[in-house]
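# Per-entry structural report
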Protein chains: 2
Amino acid sequence: MTDDAVPSPTWSRYMDLALEEARLAEQRGEVPIGAVLVRDGEILARAGNRTLELNDPTAHAEVLVIREACARLQSQRLPGCDVYVTLEPCPMCATALSFARIRRIYYGAGDEKGGGVDHGPRLYAQPTCHHAPEVYSGLAEQDCARILRDFFQSRRD
Amino acid sequence: MTDDAVPSPTWSRYMDLALEEARLAEQRGEVPIGAVLVRDGEILARAGNRTLELNDPTAHAEVLVIREACARLQSQRLPGCDVYVTLEPCPMCATALSFARIRRIYYGAGDEKGGGVDHGPRLYAQPTCHHAPEVYSGLAEQDCARILRDFFQSRRD
């Protein structure tokens, strides 16, 4: 993190809220991933995964915050908006974040198996990508990874 | 098309309905893309793009039919379901179709600039892809391509 415009305490606060959303998702029996969408210091949306509750495979935290913020701003584009998310976005969410013209993505843990930003298809590096958000990774990485690891461990037990 | 289980008249009928949804989308001022979701000969959902109307960049035809069919079946998985769509799915929709465990995708026109199945990231060929639907392309290709070409031409004029 060397971004002067977003000093450490700011991203830390938003990532804490994303982690809180991940914990709330876990309490609902969902995969514990959370996201917060921010513009100019204002939180426009926050959500955790709700795929089971809503019977909707697209109800990932990132898609939910995009949809909520778009509804709030009455726009399908969110320029100047940043998303904080506990896990590296999957290809579906990475593409949705691009379509929404999200400015920056701050994520916690990398996802070798399911990520679409820095792993797998690396969508923002594709020549066909029209808008590539700036990406900052590894924020609160240990906490973000631990909550997921514990969740899957407890399901195996 | 060499699939004995789905003779020509059947896919042709569903693709005609997808094209009808594309035309209805155009009448609403949306990019003319349509999709139909079918299981065992029953149409579970049909939709055209609604990104502008809903202020939702994720409201592509494919995502809308997935969400509608999932709501109807009260499940976030749609095994045994096939999707007919006029244009090659983008990376967001391709991933959503995989998450939903769609069995087969029949699409019309290929999309060199925005497709995610046979162009760009070719998501189902990625080693990290957990479920790759069978893909049949080029159905009613000329009609599917023409409606999009005419739409963008008329917007440029």
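Scroll up to find the structure this text is about.
All values reported here derive from a predicted model rather than from experimental measurement.

## Looking at the sheet that holds strand β5 (residues 134–136) of chain B
All names here are of chain B. With mixed pairing, five strands are arranged side by side in an open sheet as β2-β1-β3-β4-β5. Since the sheet does not close on itself, it has two edges, and those belong to β2 (42–48) and β5, each with one partner. Strand-to-strand twist in this sheet, taken as the mean axis angle between neighbours without regard to direction, amounts to 15 degrees.

## Some thoughts on helix α5 (residues 141–156) of chain A
Residue and element names in this part refer to chain A. Given a rise of 1.5 Å per residue, 16 residues ought to cover 22 Å, and the 23 Å separating the end C-alpha atoms of α5 matches this to within 8%. Those residues of α5 not exposed but buried are C144, I147, L148 and F151. All buried residues of α5 lie within an arc of 90 degrees about the axis, which places them on one face of the element. In α5, the exposed positions that point more than 90 degrees away from the buried face belong to Q142 and R156.

## Topic: the nonpolar core
In this structure, L37, L78 and I102 of chain A together with L37, L78 and I102 of chain B are the most contacted members of the largest nonpolar core, which totals 98 residues. Those residues in contact with L78 of chain B that lie beyond four places of it in its chain are L37, I66, A69, C70, L73, A100, R101 and I102 of chain B.

## So, the relation of the copies chain B and chain A
If you rotate chain B by 180 degrees and push it 0.0 Å along the axis, it lands on chain A with an RMSD of 0.0 Å. Accordingly, the operation relating the two chain copies is best matched by a two-fold axis. Of every C-alpha in chain B, the one belonging to M92 of chain B sits nearest the axis of rotation, 2.0 Å from it. A shared binding surface is used by both copies, with 100% of the interface residues of chain B retained as interface residues in chain A.

Quick notes on the rules
Residues numbered from 1 in each chain as written. Chains lettered and ligands numbered in written order. Predicted model: local features only at pLDDT ≥ 70, side-chain atom pairs only at ≥ 80, totals over all residues. Heavy atoms only, no water. Pairing = 2+ DSSP bridges. Helix = DSSP H or I, 4+ residues; strand = E, 2+ residues; numbered from the N terminus. Axes fitted to C-alpha atoms, helices over the stretch in contact; angles between N-to-C directions. Expected span 1.5 Å × (residues − 1). Buried < 20%, exposed > 50% of the residue type's maximum accessible area, 1.4 Å probe, protein only. Arc of directions from axis to C-beta. Core = buried A, V, L, I, M, F, W, Y, C linked by side-chain atoms within 4.5 Å. Contact = heavy atoms within 4.5 Å. Least-squares fit on C-alpha atoms with pLDDT ≥ 70 in both.

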